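A closer look at the structure
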Amino acid sequence: MPGVVATLGFFDGVHVGHRHLISQVKAEAGRLGLPSAVITFPVHPRKVLQADYQPKLLCGYEEKLEQLATTEVDYCISLPFTTELSRLTAREFITDVLTERIGVHTFLVGYDHRFGHNREEGVDAYLSYGNSVGMNVIQATELRVEGENVSSSRIRRLLMSGEILQANRLLSYNYTLSGKIVEGYQVGRTIGFPTANVKAWEKYKVVPLLGVYAVRVHFRGETHGGMLYIGTRPTLQNGTEISVEVNIFDFNEDLYNESLTVEFIDFIRGDEKFGSIRQLVEQIHRDKENVIERLKNG
Ligand SMILES: Cc1cc2nc3c(=O)[nH]c(=O)nc-3n(C[C@H](O)[C@H](O)[C@H](O)COP(=O)(O)O)c2cc1C
Ligand SMILES: Nc1ncnc2c1ncn2[C@@H]1O[C@H](COP(=O)(O)OP(=O)(O)O)[C@@H](O)[C@H]1O
């Protein structure tokens, strides 16, 4: 049986570490003249085992598939994680799922990846189980960036502390939030900065640190520069929920109910409470200058 060269994982964010692993899958597939594949789970495995567990994520499933497509891996195989699957030992997973169900010829294991019931065993066991059914198992190498390891949780922390440049670098693309434009408090237009309030489609995506960001805004097939505010509007004191709102440059039309994507370019400043609306507006003018300057430099 010819089969595929594959790897397995949740791949949240499809960051440079994931891409390094997938490039090893593709290289091995090229050497063997076989197709390459990524096997991934549509829902986080821990969520399946523990219904109330919902981690903040770097991407939803659709976006993950789009990012995986950019790696040019030949196939993306969706493997629903179930309680039955969670009970399989590593040996059963290798023989029943990888070999028989999916037809894996060569399997690359991420440098620290563990699977099988309670993740009890390690790569030596996988090698020997693979061997017994004629499946090659290769341990992939780790990618370190400036001496540090790359992980989805590290990128989540970077976003939550406003370190956008660093997060984008480890993702290999600019972090985004997408959603539908909903009505806000109708205050924006009265201060000269209307803002489109974004209700995220993917409610589990990480929302970066509260504050102001330089962004590119994508909607109606167009791209505009813009400044994004994430915060509780402490100056206006009109509620405590967090709004995600963007003032789009060179634009003046109704956007309600349309969808939009903001691409984070850089962090400008934190959320602040100003003594008056006049001071807030003065600051937003300065923010605009800073954002325009920032967007000029790429
Ligand atoms: C670039 C930008 C920065 C902002 N910074 C702050 C801020 O630091 N503190 C604050 O209370 N409100 C800030 N605002 C939010 C305004 O209060 C906001 O535009 C207002 O809530 C209008 O909301 P609306 O769209 O719901 O009418 C900022 C808005 C923009 C566009
Ligand atoms: N340059 C712009 N940036 C963002 N939204 C704009 C812009 N021009 C017009 N709009 C429209 O105005 C609305 C925002 O006005 P605003 O007074 O802030 O109301 P709301 O509180 O409902 O967000 C947006 O949802 C959009 O439909």
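Residues numbered from 1 in each chain as written. Chains lettered and ligands numbered in written order. Predicted model: local features only at pLDDT ≥ 70, side-chain atom pairs only at ≥ 80, totals over all residues.

Going by this rule: UniProt positions are given in the numbering used here, feature names are shortened, and annotations may be inferred rather than shown by experiment.
In the annotation of an unreviewed UniProt entry, the entry for the chain reads Riboflavin biosynthesis protein, and the organism field reads Petrimonas mucosa. Quoted verbatim from the Sequence similarities (unreviewed entry) field of UniProt, the annotation for the chain is "Belongs to the ribF family."

Comments concerning the site of ligand 1
Where we set the bar: Here, nearness is defined through the C-beta atom: a residue counts as near a molecule or strand if that backbone-placed atom lies within 6 Å of it. Runs of H or I in DSSP of at least four residues are treated as helices and runs of E of at least two as strands, each being numbered from the N terminus. Put simply, Ala, Val, Leu, Ile, Met, Phe, Trp, Tyr, Cys and Pro go in the nonpolar bin, Asp, Glu, Lys and Arg in the charged bin, and everything else, Gly too, in the polar bin.
Around ligand 1, the surrounding shell holds 24 residues, and the nearest of these are G184, Y185, V187, G188 and T235. For the shell around ligand 1, the secondary structure elements donating two or more residues are strand 11 (222-231), strand 12 (243-248) and helix 9 (277-296). The residue makeup of the shell around ligand 1, split by class, is ten nonpolar, eight polar and six charged.

As for the domain arrangement of the chain
Applied cut-off: Where each domain starts and ends follows an automatic or database-derived domain assignment. We call two residues in contact when their backbone-placed C-beta atoms lie within 7 Å.
Taken domain by domain, the chain consists of domain 1 (4-149) and domain 2 (174-296). A C-alpha centroid distance of 37 Å is found between domain 1 and domain 2. Listed as interface residues are five residues of domain 1 and, on the opposing side, four residues of domain 2. Each residue belonging to the side of domain 1 that touches domain 2 can be placed in one class, and the counts come to two nonpolar, two polar and one charged.

A word on the nonpolar core
What counts here: Note on terminology: a nonpolar core is any set of buried Ala, Val, Leu, Ile, Met, Phe, Trp, Tyr and Cys residues joined through C-beta atoms within 7 Å. Counting other C-beta atoms within 10 Å of a residue's C-beta gives its exposure: the residue is buried at 20 or more, exposed at 12 or fewer, and partly exposed in between, where C-beta atoms are placed from the backbone.
Counting residues in each nonpolar core, the largest one holds 36 residues, and the members touching the most others are A167, V198, Y213, V215, L228, V246 and V262. Those elements that provide at least two residues to this core are helix 7 (152-160), helix 8 (164-171), strand 8 (176-182), strand 9 (196-200), strand 10 (211-219), strand 11, strand 12 and strand 13 (259-270). The element that contributes the greatest number of residues to this core is strand 13, accounting for six residues. Both domains that furnish three or more residues to this core are identified here as domain 1 (4-149) and domain 2 (174-296). Aside from chain neighbours lying at most four places away, what touches V215 is G226, M227, L228, V246, V262, E263, F264 and I265. Among the nonpolar cores identified, the runner-up in size contains 29 residues, and L108, Y129, M135 and V137 belong to it.

A few points about the pairing of strand 5 (residues 136-139)
Selection rule: Strands pair, by our definition, only if DSSP identifies at least two bridges between them. Here a crossover is taken to be right-handed if, once the strands point away from the viewer, the path from the first strand over the helix to the second is traced clockwise.
For strand 4 (residues 104-109) and strand 5, the ladder comprises four bridges, and the chain directions are parallel. When the sheet's bridge partners are listed, V109 is paired in strand 5 with Q139. Handedness of the strand 4-helix 6 (residues 123-132)-strand 5 crossover: right-handed.

Digging into helix 9
Given 3.6 residues per turn, any residue in an α-helix points the same way as the ones three and four places further on. Just so we agree on the cut-off: A helix is expected to span 1.5 Å multiplied by its residue count minus one.
Taking 1.5 Å of rise per residue, the 20 residues of helix 9 would be expected to cover 28 Å, and the 29 Å separating its terminal C-alpha atoms lies within 8% of that figure. One or two positions beyond helix 9, positive phi appears at G298, with a value near 100 degrees.

Some words on the sheet that holds strand 8
Rule in force here: A fitted line through C-alpha atoms serves as each axis, taken over the contacting stretch for helices, and the angle formed by two N-to-C directions is quoted from 0 to 180°.
If you trace the six strands once around the closed barrel, you get 8-9-12-11-10-13, paired in antiparallel fashion. The average angle at which neighbouring strand axes cross in this sheet is 45 degrees, direction not considered. Sitting on the sheet, helix 9 touches strand 10, strand 11 and strand 13, and the angle it makes with strand 13 is about 105 degrees.

A look at the UniProt feature "domain: Riboflavin kinase" (unreviewed entry) in the chain
This chain's UniProt record puts "domain: Riboflavin kinase" (unreviewed entry) on residues 170-296. With 17% helix and 39% strand, the stretch residues 170-296 has end C-alpha atoms that lie 22 Å from each other.

With respect to the site of ligand 2
For ligand 2, the set of nearby residues contains 20 residues, the closest of which are G184, G188, R189, P194 and L255. Elements with a contribution of two residues or more to the shell around ligand 2: strand 9 and strand 12. Counted by class, the shell around ligand 2 contains nine nonpolar, seven polar and four charged residues.

Focus: unusual backbone geometry
A positive phi angle is found at F11, which is not glycine, with a value near 55 degrees. Inspection of the secondary structure assignment puts F11 in the loop between strand 1 (4-9) and helix 1 (16-32). A tally of 27 C-beta atoms within 10 Å means that F11 is categorised as buried. You will see that R119, though not glycine, has its phi angle at about 50 degrees, which is positive. For R119, the position within the fold is in the loop between strand 4 and helix 6. For R119, a count of 10 C-beta atoms within 10 Å translates into the label exposed.

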